[in-house]
Amino acid sequence: MSRIKTFPKGGIHPTDYKEATCNKEVQNASLTSTAIVPLSQHIGAPCECLVKKGDLVEEEQIIGKSGGFVSANIHSPVPGEVIEIKQIFLPNGMAVEAVVIEVKGEFKRLGKESLLHDWRVMTNEEISSKIAEMGIVGQGGATFPTHVKLTLPKGKSCETFIINAVECEPYLTSDHRVMLEKGSEVLEGIQIMQRLLSPLNTIIGIESNKMDAVTLLQSLIAEKGLDIEVIPLEVKYPQGAEKNLIKALTGNEVPSGKLPLEVGVINANVGTCLSVYEALVLNKPVIERIVTVSGGAIKNPSNLKARVGTSFRSLIEDCGGFSEEPVKVIAGGPMMGFAVYDLDTPVTKGTSGILALTAREIKASRPTSCLSCGRCVSSCPMGLNPTKIFKFIDFNMSDQALEAGLMDCVECGSCSFMCPAHIPLVQGFRGGKKIVRKNSMKKAGQ
Ligand code: SF4
Ligand code: SF4
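Report on the accompanying structure. Since the structure is predicted, the reported quantities are computational estimates derived from the model, not experimental observations. (Residues numbered from 1 in each chain as written. Chains lettered and ligands numbered in written order. Predicted model: local features only at pLDDT ≥ 70, side-chain atom pairs only at ≥ 80, totals over all residues. Heavy atoms only, no water.)

### A few points about the pairing of strand β10 (residues 201-207)
Burial of β10 is extensive: six of the seven residues sit out of reach of the surface. The parallel pair β10 and strand β11 (residues 229-233) is bridged by helix α5 (residues 211-224), and the resulting crossover is right-handed. (Buried < 20%, exposed > 50% of the residue type's maximum accessible area, 1.4 Å probe, protein only. Helix = DSSP H or I, 4+ residues; strand = E, 2+ residues; numbered from the N terminus. Right-handed = clockwise from strand over helix to strand, strands pointing away.)

Written out as structure tokens, the structure reads:
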């Protein structure tokens, strides 16, 4: 029997805590009286604001127009009146403009049957521009605009189209629920993207702790006669990191500093496939997403379908509130997510989870000196030497940190997780990368 596939270097096995929500059907989150809609919810140029204070907007109206080639439209998640345009901070520390909308008027989609559209009669150009118009971005956390990813540069072709359904971050189960509850829709979204990419192979990679989803998708694929393979993967973090997944499924290594297309691969998250289906078949822009709300301090952990712009506070209230005061609230997963200090932070297209963790769940200890134990080195899936890079950053030796592979770090947090001295390695790498980018922008401006 062949061994279950995985990536070869490093990796860790944290407790996955998924049992709190993996068997819970997705529920609709409450609608709140205001929505705070950031005008940058993607990698790339922020949107140009199309509304001003006092304007009335319809549900699904474009309020932020794509601000460049790498950018994605933003639509109003609710009907209402623009009461303010203000600066807010996203969990990753980025300051962005946000449109505050007070809910008023009629919802045009909520509670109504959607008309189904046939994408098969559309040209590839029409499909591409619909994906762009609907503001679809990668929903696995990367938030890269999907229409850009699906536009192959001249002379390049996609050999393998990989659907990332790994969901290796502890606690998170939104992708798992999407596959179980919207399997047919996900597969149709994949078919739409297959039309644009004409890949030789299409593979859905799923960690083997979701065998119910593997079995379901395999049977739907057989029933519909689709050219898609489902491959279960070893449960090992970070199996879902793009380069690791490509290595595990194709055996190919994406060279340092290069994109997956270098080895003929395009990746899409399973939630993105659902958004593509909704855009083309339901004519629906990205105005909502499924969010896992979990952690030891949440009374009733759940998966909620929430409108973009809904506050974290409202989703936590939908889950019965806190059972105890959390020590930390995180946007995303515990390994790669960001600490949140304001519960009025809004859900964006990239919010996969909200976690409220107790002291029992996090290792909150003061950092001590490096013990030279090497655990960070053996856990790094990119084959880096985290302790060495951290020291270079600590001593302001950016060039040496770059040479040691700083930019190859995928910020998976495995090294920090394993470090017995509690050294905040990944935070150091994030800070180090910011300095490097600032320096290179300064150099370019000279
Ligand atoms: S955070 Fe970076 S350095 Fe640390 S294990 Fe992950 S890839 Fe390696
Ligand atoms: S795991 Fe921590 S203590 Fe061990 S070598 Fe790495 S940085 Fe030092």
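Moving on from the coordinates now.
### Observations regarding the sheet that holds strand β7 (residues 80-89)
Taking strand neighbours across the sheet as the criterion, the four strands line up as β2-β8-β7-β4 in an open arrangement whose pairing is antiparallel. What marks the edges here is a single partner per strand, and that holds for β2 (34-38) and β4 (56-57). By the bridge criterion, nine bridges tie β7 to strand β8 (residues 95-103) in an arrangement that is antiparallel. Considered in β8, the bridge of glutamate 84 is made with valine 100. (Pairing = 2+ DSSP bridges.)

### Quick look at empty space enclosed by the protein
The final tally for this structure, using the stated rule, is three cavities of 30 Å³ or more. Each pocket or cavity is described by its volume, and for the largest cavity that value is around 90 Å³. What lines the largest cavity is a set of 15 residues, among which Cys380, Cys409, Cys412, Cys415 and Phe429 lie closest to the centre. Where the lining of the largest cavity is concerned, the elements lending two or more residues are α10 (386-394), α12 (414-418) and α13 (425-445). In the lining of the largest cavity, the residues fall into 12 nonpolar, two polar and one charged. Lining the second largest cavity are Phe392, Ile393, Asn396, Met397, Ser398, Ala401, Leu406, Gly432, Ile435 and Val436. For the lining of the second largest cavity, the secondary-structure elements that each account for two or more residues are α10, α11 (398-403) and α13. Among the residues making up the lining of the second largest cavity, the classes are represented as seven nonpolar, three polar and no charged. (1 Å grid on protein atoms, 1.4 Å probe; cavity = no way out; pocket = protein on both sides within 12 Å on 5 of 7 lines; lining within 4 Å. Points joined across faces, edges and corners; volume = space filled by probe spheres on them. Nonpolar A, V, L, I, M, F, W, Y, C, P; charged D, E, K, R; others polar.)

### Topic: the nonpolar core
Counting residues in hydrophobic clusters, the biggest one holds 45 residues, and the most contacted among them are Phe161, Leu187, Ile190, Ile204 and Leu280. If you list the elements that add at least two residues to this core, you get α1 (124-133), β9 (160-164), α3 (174-181), α4 (183-197), β10, α5, β12 (265-269) and α7 (270-281). Ranked by residues supplied to this core, first place goes to α7 with eight residues. Ignoring anything within four residues of it in the chain, the contact list for leucine 280 reads His117, Trp119, Met122, Ile127, Lys130, Ile131 and Ile192. (Core = buried A, V, L, I, M, F, W, Y, C linked by side-chain atoms within 4.5 Å. Contact = heavy atoms within 4.5 Å.)

### Describing α3
Here α3 lies mainly inside the structure; six of its eight residues are buried. For α3, every residue scored as buried is listed here: Ser174, Asp175, His176, Arg177, Val178 and Met179.

### Focus on the site of ligand 2
If you check the shell around ligand 2, you find Cys370, Leu371, Ser372, Cys373, Gly374, Arg375, Cys376, Thr387, Cys419, Pro420, Ala421 and Ile423 and nothing else. For the shell around ligand 2, a count of residues per class yields eight nonpolar, three polar and one charged. (Near = heavy atom within 4 Å.)

### Things to note about α4
Over its 15 residues, α4 runs 21 Å from end to end, which matches the ideal 21 Å to within 8%, given 1.5 Å per residue. Counted residue by residue, α4 has 11 buried out of 15 residues, so it is predominantly covered. Looking only at α4, the buried set comprises Gly183, Val186, Leu187, Gly189, Ile190, Gln191, Ile192, Met193, Gln194, Leu196 and Leu197. Just beyond α4, the residue with positive phi is serine 198, at close to 45°. (Expected span 1.5 Å × (residues − 1).)

### Topic: the site of ligand 1
The full set close to ligand 1 counts 13 residues, and Cys380, Cys409, Cys412, Gly413 and Cys415 are the nearest of them. Applying the majority rule of atoms within 2 Å of the grid points places ligand 1 in the largest cavity. Looking at the shell around ligand 1, the elements that each hand over two or more residues are α12 and α13. (Sits in = over half its atoms within 2 Å of the grid points.)

### Regarding unusual backbone geometry
In this model, tyrosine 237 is joined to proline 238 through a cis peptide bond whose omega is -5°. Relative to the helices and strands, proline 238 resides in the loop between β11 and α6 (242-250). Positioned with a positive phi, tyrosine 17 is a non-glycine residue whose angle comes to about 50°. The exposure class of tyrosine 17 is partly exposed, given its relative accessible area of 30%. Phi is positive for glutamate 60, which is not a glycine, with a value near 80°. Following the sequence through the fold, glutamate 60 ends up in the loop between β4 and β5 (62-65).

### What about the side chain of glutamine 239?
Mapped onto the fold, glutamine 239 is located in the loop between β11 and α6. Setting aside chain neighbours within four positions, we find glutamine 239 in contact with Lys5, Thr6, Phe7, Val166, Cys168, Glu207, Leu233, Glu234, Asn244, Leu245 and Ala248.

### Structural notes on the sheet that holds β12
An order of β11-β10-β9-β12 is seen for the four strands of this open sheet, with the pairing classed as parallel. Across the chains shown, the open sheet's two edge strands, defined by having one partner strand only, are β11 and β12. Each neighbouring strand pair of the sheet contributes to a mean axis angle of 25°, computed without reference to strand direction. Direction of pairing for β9 relative to β12: parallel, over a ladder of five bridges. Note on β12: the bridge partner recorded for isoleucine 163 is alanine 268. The sheet contacts of α5 involve β10 and β11, and relative to β11 the element is tilted by about 165°. (Axes fitted to C-alpha atoms, helices over the stretch in contact; angles between N-to-C directions.)

### Observations concerning the packing of aromatic side chains
Tallied over the entire structure, the rule returns two aromatic pairs. Judged by centre distance (4.7 Å) and plane angle (10°), the ring pair of tyrosine 17 and tyrosine 171 falls under stacked. You can see tyrosine 17 sitting in the segment before β1 (27-28) and its partner tyrosine 171 sitting in the loop between β9 and α3, a full 154 residues away along the chain. Residues phenylalanine 390 and phenylalanine 429 carry aromatic rings whose centres are separated by 6.5 Å and whose planes lie at 75° to one another, so their mutual orientation is edge-to-face. Of this pair, phenylalanine 390 sits in helix α10 while phenylalanine 429 sits in helix α13; the two residues are 39 residues apart in sequence, bridging distant segments of the chain. Each member of the pair phenylalanine 390 and phenylalanine 429 is classed as buried. The lysine or arginine in question, lysine 236, covers the ring of phenylalanine 7, its NZ or CZ lying 4.2 Å from the ring centre. (Phe/Tyr/Trp six-rings, centres within 6.5 Å; stacked < 30°, edge-to-face > 60°. Lys NZ or Arg CZ within 6 Å of the ring centre and 35° of its normal.)

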